[in-house]
Amino acid sequence: MAAGVLTLALCSSLVSSWQSSRQIRATLLGQGEGLAASLAASSDFALIYAAPENAGEAIASMFSFPDVIAVELRDAQGRLIASRGPPLPGTPEKIPTASRPGLELETAHSWQFVAPVWAARAAASPFEATEHSAQVLGYVRILQSKDTLARMQHSVFLVNMIVSLSFALAFLALVRMLATRLTRPLAELSAAMLRAERGEPDVQARVTGPRDIEAMASAFNHMITVLNEREGELARHRDHLEDLVSARTAELREAKERAEDANRAKTVFLSRMSHELRTPLNAILGYAQVMRMDKQLVARQAAALDIIRNSGDHLLTLIVDILDLSKIEAGRADLYPAAMGMPAFLRGVADIIRIKAEEKKLSFALDAADDLPQAIMADEKRVRQVLLNLLGNAVKFTDAGEVRLVATMLSDESGVVRLRFEVRDTGIGIAADLTEQIFQPFEQAGDNGRRYGGTGLGLAISRQLARMMSGDIAVQSELGQGSVFCFEARFPKCQPAVSSAPMPSPIGYQGRRRQILVVDDVEANRRMLGDLLEALGFEIAEAPDGEQALQAVSRIKPDLVLMDMVMPVMDGTEATHRLREQNQWRNLPVILISANATAADEQSCLSAGANCFMSKPVNRDRLLELIGNCLKLRWRFAEVGSDKAA
């Protein structure tokens, strides 16, 4: 405040001094012109008679003014008639054209004024036909010093500065006095608070100062009183604190054990449910794939098989959603980032949704920004899961119009990009009070007629996955106006991975006939795998458990073993472990198949010695890919446009 006030005082004094200096300068200039005019009026006789002595008294009177330095009197031809003081600079060859006194020259230290000397005009005669104009006889020049101007400017500046600073200091003193009246009670209150913080007993602040500060001091004193009362109450209970803590600890331990038991029971139940549901689904989806290979199917049969497979895939999706939510809630869900090409990924997602949109006669559009990175490090499966869930919901709840996927890059810092995926639709929209409810597990928006199935876990899982990717999902929607779901996440940039074209569906293989031992305690699963592989030319043997599988291996010496992980008598991991203990079977390819599809199950199978792991339900293309890699097969494929093998 002091700096501001002093700066304001300085500025005001400078402005006032500048204004006063202009007025003083104007006054002195007027005075100089008046002196020149006065001397010119007194010098006409000296020029008419060329008698310098006639102008001597007038010139001497000019020096009675303290700033006059030199005076000159010249005739009309510029000849010097009389002068006093040092010679004036710039003597012209002729008189100036100005007809009145004025400033001729100005330097840093002086002014030079000039005034013409006119001949007095005689009285007009009634007999003269023409009027005679006045005649210039010569001119006078006066050199005047600026010392008076400098002294007066300095004096004005000092006076203005002293006055401004005096008022400023008086104002600051007043402010200081008022501030002290405010700060002294605050300082006392602060000191009382510090004493209370150090633990001093019965600290009380003095209630003084302005009304607001008095209210603060009273509130502080009341708080201290309440704290003292509570401290006394705590002291009374301190003797029983250990008993209370022990009792509460026992209660918490018991509650923790109950929660852990419930969580373990839930995990066991979900794992068991997954296994029990995946086992029949394996046969259902497997046989749907086997029967779909039949070229003799009529259109109605093919459509029925597609319905069976789609329904099985939908049921499998529900199972996976429940297990995903369970793993996320338990903190056991992990991301497995790898190089993911953005253009191919977005095209793949768009192709999947475009088919669903066309089935409902909706238009679908993909808007990908030009500055999107070519590749990022991300868990492609999880990113696809989030986008397909959002896009699937958009198609589900849109009856007419379009669904649009917009992908943009929000930022690029140190090789880490923040991407934004917007899913826009022209559907039924969501009420404002439901925009957060839809992210809760087992919740769905819309009326009952709009709930086309599902567990209501998709958005809950998607938001959790987005947050695992350092992002989130938000929604903007109005009833009847459509919805916009925004999925943002951060990903490191990387070089695009070299991708290979997907393998077409084989119809057989080249070379000798290979024998595969199928081991599963469920006969339907054994038969399904056998039918699928026999159609490709494999010789199939079966075993119902791991113990009989070991005997069959020794007896028939198969080229590869397809074995279930969970079986009675002896499970697949134990049987695989025993095979690897025998030198002759250490290189026998073993593919373990399990309805338990967790990463821990896969690691358990690989640790036991299996070459590969596959989850149920079995996907035909993935199974053939693993068998081809293990046996180094050269597949035969159907020629395009014909039924011949290539």
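Let me sum up the structure you'll find in this document. In this text, all values refer to a predicted model and were calculated from it rather than measured experimentally.

Cut-off values and rules
Residues numbered from 1 in each chain as written. Predicted model: local features only at pLDDT ≥ 70, side-chain atom pairs only at ≥ 80, totals over all residues. Heavy atoms only, no water. Helix = DSSP H or I, 4+ residues; strand = E, 2+ residues; numbered from the N terminus. Buried < 20%, exposed > 50% of the residue type's maximum accessible area, 1.4 Å probe, protein only. Contact = heavy atoms within 4.5 Å. Areas by Shrake-Rupley, 256 points an atom, 1.4 Å probe, with all protein chains shown as cover. Pairing = 2+ DSSP bridges. Axes fitted to C-alpha atoms, helices over the stretch in contact; angles between N-to-C directions. Phe/Tyr/Trp six-rings, centres within 6.5 Å; stacked < 30°, edge-to-face > 60°. Lys NZ or Arg CZ within 6 Å of the ring centre and 35° of its normal. Parallel < 35°, antiparallel > 145°, perpendicular 65-115°, else oblique. Left-handed = near helix turned anticlockwise from the far one by under 90°. Nonpolar A, V, L, I, M, F, W, Y, C, P; charged D, E, K, R; others polar. Salt bridge = Lys/Arg side-chain N within 4 Å of Asp/Glu carboxyl O. Expected span 1.5 Å × (residues − 1).

1. Concerning the overall build of the protein
Then, number 1: Counting secondary structure elements, the protein contains 15 helices and 19 strands.
Then, number 2: The 646 residues of the protein split such that 38% are buried.
Then, number 3: Expressed as a percentage of contacts within the protein between residues at least 6 apart in sequence, the contacts between residues at least 24 apart total 68%.
Then, number 4: Summed over all atoms, the accessible surface of the protein reaches about 36800 Å², with 55% contributed by carbon and sulfur.

2. Brief notes about the sheet that holds strand 9 (residues 402-413)
Neighbouring strands of a sheet are bound in pairs by backbone hydrogen bonds; such pairs are parallel or else antiparallel.
Then, number 1: Overall, mixed pairing links the five strands, which are arranged 7-9-10-12-11 in an open sheet. At either margin of the open sheet sits one strand with a lone partner, and together these are strand 7 (363-368) and strand 11 (472-477). Looking at each pair of strands side by side, their axes are set apart by 15° on average, direction ignored.
Then, number 2: The pairing of strand 10 (residues 416-425) with strand 12 (residues 483-492) spans ten bridges and is antiparallel. Looking across to strand 12, one finds that Glu422 is bridged to Cys486.
Then, number 3: Set on the sheet, helix 8 (residues 342-359) makes contact with strand 7, strand 9 and strand 10; between it and strand 7 the angle comes to about 165°.
Then, number 4: Seen against the sheet, helix 10 (residues 458-468) touches strand 11 and strand 12 and runs at an angle of roughly 130° to strand 11.

3. Brief notes about the packing of aromatic side chains
Then, number 1: One pass over the structure, following the stated rule, counts five aromatic pairs.
Then, number 2: Measuring from ring centre to ring centre gives 6.5 Å for Trp111 and Phe113, while their planes differ by 55°; the resulting arrangement is tilted. Both residues of the pair, Trp111 and Phe113, belong to the buried class.
Then, number 3: Members of the aromatic cluster, connected to one another through ring pairs, are Tyr509, Phe538 and Trp635.
Then, number 4: Geometry around Phe63 places Arg84 over its ring, the cationic atom sitting 4.5 Å from the centre.

4. Some thoughts on the pairing of strand 1 (residues 68-75)
Then, number 1: Most of strand 1 is tucked away, with seven of its eight residues classed as buried.
Then, number 2: Examined bridge by bridge, strand 1 and strand 5 (residues 136-145) share seven bridges and lie antiparallel to one another. By the bridge assignment for strand 5, Ala70 is matched with Leu143.
Then, number 3: Bridge count for strand 1 against strand 2 (residues 80-84) is four bridges, and the pairing is antiparallel. Within strand 2, the position partnered with Arg74 by the bridge is Leu80.
Then, number 4: The hairpin turn running from strand 1 into strand 2, its antiparallel successor, is four residues long, and Gly78 in that turn takes a positive phi close to 90°.

5. Observations concerning the packing of helix 8 against helix 9 (residues 380-396)
Then, number 1: For the pair helix 8 and helix 9, the least separation of the axes is 10 Å and the interaxial angle reads 30°. With respect to each other, helix 8 and helix 9 are oriented roughly parallel. The two elements helix 8 and helix 9 cross, and the hand of that crossing is right-handed. Of helix 9, the residues touching helix 8 (which contributes Phe345, Val349, Ile352, Ile353, Lys356 and Ala357) are Glu380, Val383, Arg384, Leu387, Leu388, Leu391, Gly392 and Val395.
Then, number 2: Counted by class, the contact of helix 8 with helix 9 contains ten nonpolar, one polar and three charged residues.

6. Observations concerning the pattern of salt bridges
Pairing of side chains with opposite charge becomes possible as their charged atoms draw close.
Then, number 1: Enumeration according to the criterion identifies 25 salt bridges in this entry.
Then, number 2: Close ionic contact of Arg258 with Glu254 constitutes a salt bridge, the shortest N to O distance being 3.1 Å. Taken together, the positions of Arg258 and Glu254, both in helix 6 (residues 241-292) and four residues apart, correspond to about one turn of that helix.
Then, number 3: With relative accessibility at 49%, the residue Arg258 sits in the partly exposed group.
Then, number 4: Assessed through its relative accessible area of 46%, Glu254 is described here as partly exposed.

7. Quick word on the sheet that holds strand 15 (residues 539-543)
Then, number 1: Read across the sheet, five strands follow the order 15-14-16-17-18 without closing on themselves; strand pairing throughout is parallel. The open sheet has two edge strands with one neighbour each: strand 15 and strand 18 (612-615). Taking each pair of neighbouring strands and ignoring which way they run, the sheet shows an average axis angle of 20°.
Then, number 2: Each of strand 16 (560-564) and strand 17 (590-594) touches helix 13 (residues 572-581); the most contacted strand, strand 17, lies at about 170° to it.
Then, number 3: Strands strand 17 and strand 18 of the sheet are contacted by helix 14 (residues 599-608), whose axis makes an angle of about 150° with strand 18.

8. A short note on the environment of Ala41
Then, number 1: Relative to the helices and strands, Ala41 is located in helix 1 (residues 2-41).
Then, number 2: Through-space distance from the C-alpha of Ala41 to that of Val117 is 6.6 Å; in sequence the pair is 76 residues apart.

9. Brief notes about unusual backbone geometry
Then, number 1: Cis geometry marks the peptide bond from Lys616 to Pro617, where omega comes out at -5°.
Then, number 2: On the secondary structure map, Pro617 appears in the loop between strand 18 and helix 15 (620-631).
Then, number 3: Positioned with a positive phi, Lys632 is a non-glycine residue whose angle comes to about 55°.

10. Description of helix 11 (residues 523-534)
Every α-helix carries 3.6 residues per turn, so stepping three or four residues along brings you back to the same face.
Then, number 1: With twelve residues, helix 11 should reach 16 Å at 1.5 Å per residue; the first-to-last C-alpha distance of 16 Å fits that figure.
Then, number 2: Looking only at helix 11, the buried set comprises Asn525, Arg526, Met528, Leu529, Gly530, Leu532 and Leu533.

11. Digging into the pairing of strand 11
Then, number 1: Judged by which residues are buried, strand 11 turns out to be one-sided: Ile473, Val475 and Ser477 face inward and are buried, whereas Asp472, Ala474 and Gln476, on the alternate face, are not.
Then, number 2: Bridge count for strand 11 against strand 12 is six bridges, and the pairing is antiparallel. Bridging from a neighbouring strand, Ser477 pairs with Ser483 of strand 12.
Then, number 3: As consecutive antiparallel partners, strand 11 and strand 12 are separated by five residues, and within that stretch Gly480 has a phi angle of approximately 80°, a positive value.

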